Amino acid sequence: MKKIETDVLIVGAGPVGLFCVFELGQLGLKSCLVDSLNEIGGQCTALYPEKPIYDIPAYTKISAKKLIEKLDSQIKPFKPTFLLDQTVECLMEKKEKFILKTSKNKLVNAKCIIIAAGNGVFGPNKPPLSNIEKFEGKSVFYSIPDKSIFKKKKVAIAGGGNSAADWAIELASTTKIIYFIHRRKNLRAAPNSVKELEKLEKKGKVKMVIPYQIDSLKGTNGLIDELVVRHLTDKTIHIKTDYLLPFFGLSSDLGPIKKWELKIDKNELTINQSTCETSRKGIFAVGDICTYPGKLKLILTGFSEAAIASQSCYKKIFPEKKLHFEYSTTKGINKL
Ligand code: FAD
């Protein structure tokens, strides 16, 4: 089987993994990215493509989808290899070089590894309904691929956290009605969002269905006719809705990375903040997956870690060479 040769294998093609390609490319290093999803962008693409992000430097506001498009075009000159829709499964080390095997049996030879795996191989927590798969992708969505489909429709949103509240607020201006379902009286969402929901309820745009939990879904051909919700007292309500959007968070599982003999603290990889190196030589971690005292799980923090990890990879690959720090304004784009 033909092996892919690369300087650095990046596990995860979320925003931080993508930016690693740029930083490595500027140092003349070639990257190969592997992601279990079939699209690049990590959480930005999978969970909130249409949501505006306000804390990306120099953008007053940019949608998560647009940010990924911009990162994709920024890394084009470096021609990274993408292995999508597959997880990195097996890791072997030979003479300080790594051989990785993906779930689609692709073999990659890499001099260093950067783990930018976010929350790990992730998937949404689903409501425990036996027939939910029949509706998924048609009238049940765990992320919003295209918010225009909800225009003038009845939408039930379930969950009590920020995602549920933010989406209810965002969609309420175009939907017919939002049913906001939560099993507890108090929401976990930010106090400002809760206030906003209360205002929307007064305007008749949102109906709070609290404290209720989803009991069953009825419908045909993947389309919902009726959603049944149950009160703690066992009383049920039948809600006529077109869509159900459950936002119950993500299940985060480090998956195969757990077996790589790395120091793990509560599902995150402990790194040396000054190099981004994990407890294993030549393996670095950046973005949401890494931890150190004071770590902020933000995209901009991840971008900075990408720069640090890339410099560390260079030093590991070329221990004899002196790395002259240069601004991009001085050297331009270092096309590979
Ligand atoms: P991720 O985006 O999680 O990407 C990791 C990728 O690695 C995933 O695609 C996963 O499939 C893949 N992967 C994992 N394990 C493997 C494996 N073994 N093999 C192959 N692939 C693997 N941050 C901000 O800075 N500002 C905001 O306003 C903001 N808003 C947010 C709103 C919401 C609703 C959410 C959920 C998050 C928000 N965040 C925000 C957080 C931000 O999205 C994350 O900090 C960011 O996505 C982390 O990027 P990452 O590249 O480290 O990981």
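Only a predicted model underlies this, so the values are computations on that prediction, with no experimental measurement involved. (Residues numbered from 1 in each chain as written. Predicted model: local features only at pLDDT ≥ 70, side-chain atom pairs only at ≥ 80, totals over all residues. Heavy atoms only, no water.)

## Digging into the overall build of the protein chain
For the protein chain, the helix and strand inventory stands at seven helices and 21 strands. Relative to the globule expectation of 20 Å for 336 residues, the C-alpha radius of gyration of the protein chain, 22 Å, shows essentially globular dimensions. Per-residue burial over the protein chain gives 48% buried out of 336 residues. Within the protein chain, contacts between residues at least 6 apart in sequence are counted, and of these 60% link residues at least 24 apart. As displayed, the protein chain has an accessible area near 17200 Å², and 51% of this comes from carbon and sulfur atoms. A distance of 2 Å separates the average location of the 54 positive side-chain charges in the protein chain from that of its 35 negative side-chain charges. (Helix = DSSP H or I, 4+ residues; strand = E, 2+ residues; numbered from the N terminus. Rg over C-alpha atoms; globule rule 2.2 N^0.38 Å. Buried < 20%, exposed > 50% of the residue type's maximum accessible area, 1.4 Å probe, protein only. Contact = heavy atoms within 4.5 Å. Areas by Shrake-Rupley, 256 points an atom, 1.4 Å probe, with all protein chains shown as cover. Lys, Arg positive; Asp, Glu negative; His and termini not counted. Charge placed at Lys NZ, Arg CZ, Asp CG, Glu CD.)

## Let's talk about the domain arrangement of the protein chain
Assigned domains of the protein chain: these are domain 1 (3-122 + 250-331) and domain 2 (126-246). On a C-alpha basis, the centroid separation for the pair domain 1 and domain 2 is 35 Å. Opposite the six residues of domain 1 that make contact, domain 2 presents 10 residues. Overall, the association of domain 1 and domain 2 removes approximately 610 Å² of surface from exposure, summing both partners, and the carbon and sulfur fraction of that is 48%. When the buried area of domain 1 at its contact with domain 2 is split by residue, Leu47, Glu50 and Lys51 rank highest and sum to 73% of it. Across the domain 1-domain 2 interface, the total number found is one salt bridge. At the junction of domain 1 and domain 2, the tally comes to two residue pairs in polar contact (both at pLDDT 80 or more). In terms of residue class, the side of domain 1 that touches domain 2 is built from four nonpolar, no polar and two charged. (Domains from an automatic or database assignment. Buried area = accessible area lost by both parts, 1.4 Å probe. Salt bridge = Lys/Arg side-chain N within 4 Å of Asp/Glu carboxyl O. Polar contact = N/O pair within 3.5 Å; in protein donor to acceptor, adjacent residues only side chain to side chain. Nonpolar A, V, L, I, M, F, W, Y, C, P; charged D, E, K, R; others polar.)

## What to know about the layout of surface pockets
If you add up the space inside the second largest pocket, you get close to 590 Å³. Lining the second largest pocket are 26 residues; nearest its centre among them are Glu39, Thr45, Ala46, Leu47 and Ser143. Per element, the largest residue contribution to the lining of the second largest pocket is four residues, and it comes from helix α3 (residues 64-75). Class assignment of the residues belonging to the lining of the second largest pocket gives a composition of 13 nonpolar, seven polar and six charged. Residue contributions to the lining of the second largest pocket reach at least three from each of two domains, namely domain 1 (3-122 + 250-331) and domain 2 (126-246). (1 Å grid on protein atoms, 1.4 Å probe; cavity = no way out; pocket = protein on both sides within 12 Å on 5 of 7 lines; lining within 4 Å. Points joined across faces, edges and corners; volume = space filled by probe spheres on them.)

## A few points about the packing of aromatic side chains
The relative placement of two aromatic rings is captured by the distance of their centres and the angle of their planes. This structure, assessed with the given rule, holds eight aromatic pairs. Their ring planes at 80° and their centres at 5.6 Å tell us that Phe22 and Phe78 sit as a pair that is edge-to-face. Placement of Phe22 in helix α1 (residues 15-26) and of Phe78 in the loop between α3 and β5 (81-84) is noted, with a sequence separation of 56 residues between them. Using a relative accessible area of 9% as the deciding quantity, one classes Phe22 as buried. Judged by its relative accessible area of 1%, Phe78 is buried. Here the aromatic rings of Phe150 and Tyr243 are separated by 4.9 Å at their centres, their planes lie at 85°, and the arrangement is edge-to-face. Taken as a pair, Phe150 in the loop between β9 (123-124) and β10 (154-158) and Tyr243 in strand β16 (residues 243-246) lie far apart in primary sequence, 93 residues in all. Take Phe150: its relative accessible area is 0%, and that puts it in the buried class. Following the ring pairs from residue to residue traces out a cluster consisting of Phe19, Phe22, Phe78 and Phe303. (Phe/Tyr/Trp six-rings, centres within 6.5 Å; stacked < 30°, edge-to-face > 60°.)

## Digging into α3
The end-to-end C-alpha distance of α3 is 17 Å, a good match for the 16 Å that 12 residues give at a rise of 1.5 Å each. Listing the buried residues of α3 in full gives Ala64, Leu67, Ile68, Leu71 and Ile75. All buried residues of α3 project into a common sector of 95° when viewed along the axis, lining one side. Looking at the buried residues of α3, the elements they touch are α1, α2 (42-46), β3 (52-53), β4 (62-63), β5 and α6 (299-317). (Expected span 1.5 Å × (residues − 1). Arc of directions from axis to C-beta.)

## Considering the environment of Ile308
Following the sequence through the fold, Ile308 ends up in helix α6. Note on Ile308: relative accessible area 29%, which makes it partly exposed. The contact partners of Ile308, leaving out residues within four places of it in the chain, are Gln273, Ser274, Thr275 and Cys276.

## A word on the side chain of Thr6
Within the secondary structure, Thr6 sits in strand β1 (residues 3-11). Judged by its relative accessible area of 7%, Thr6 falls in the buried class. If we skip the residues at most four places from it in the chain, Thr6 touches Lys30, Ser31, Cys32, Val108, Asn109, Ala110 and Lys111.

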